[in-house]
Amino acid sequence: MTNTSDRSVVTLWRPTGPEELELVRASGWRAWPPRLPDQPIFYPVLNEDYATRIARDWNVKASGIGHVTRFDVRQDFLAEFEVQQVGGRSILEYWIPAERLGDLNAAIVGTIELVRTFRPGDGDQ
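This is a predicted model, so every value here is computed, not measured.

Rules used throughout
- Residues numbered from 1 in each chain as written.
- Predicted model: local features only at pLDDT ≥ 70, side-chain atom pairs only at ≥ 80, totals over all residues.
- Heavy atoms only, no water.
- Phe/Tyr/Trp six-rings, centres within 6.5 Å; stacked < 30°, edge-to-face > 60°.
- Lys NZ or Arg CZ within 6 Å of the ring centre and 35° of its normal.
- Buried < 20%, exposed > 50% of the residue type's maximum accessible area, 1.4 Å probe, protein only.
- Helix = DSSP H or I, 4+ residues; strand = E, 2+ residues; numbered from the N terminus.
- Arc of directions from axis to C-beta.
- Contact = heavy atoms within 4.5 Å.

To continue, consider the packing of aromatic side chains. According to the stated counting rule, one finds 4 aromatic pairs in the structure shown. Judged by centre distance (5.2 Å) and plane angle (55°), the ring pair of Phe-77 and Phe-81 falls under tilted. Above the ring of Trp-32, the side-chain terminus of Arg-14 is found at 5.8 Å from the ring centroid.

The structure is reproduced here in structure tokens:
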């Protein structure tokens, strides 16, 4: 991971299911896969807690497993997008249009890291 005190990068988090994680792994942990036709936006989130809740509470139910990933992105790229608050004060994410995903991937500094994995029964609500 890049030094988080470096103000030229922003650390983002991404809850993901098993299929997306395999595609990230196949990229050498360097890129997010293209969005599916019914997915016009890529939603990285701004904090680990929010990513954890989605991976644990939604991805596990949908896919049987949920992952939390972390990656750094150049601030100059993210400056083009507004942070979206989609719930409480800590429910923050960027909305990156699918057609800009290649640009986002080019702005990743370092690699995408797998931080946590959840399976059924982990952290039951």
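Moving on, we come to helix α1 (residues 18-26). Burial in α1 covers these residues: Glu-20, Leu-21 and Val-24. Projected down its long axis, α1 shows its buried positions confined to an angular sector of 100°, all on one face. The exposed set on the far side of α1, more than 90 degrees from its buried face, consists of Glu-19 and Ala-26. For α1, the secondary structure elements touched by its buried residues are β1 (9-16), β2 (41-42), β3 (66-74) and β7 (108-118). Two residues or fewer after α1 comes Gly-28, characterised by a positive phi angle close to 80°.

Take it as geometry only, folks, not as evidence of what the structure does.
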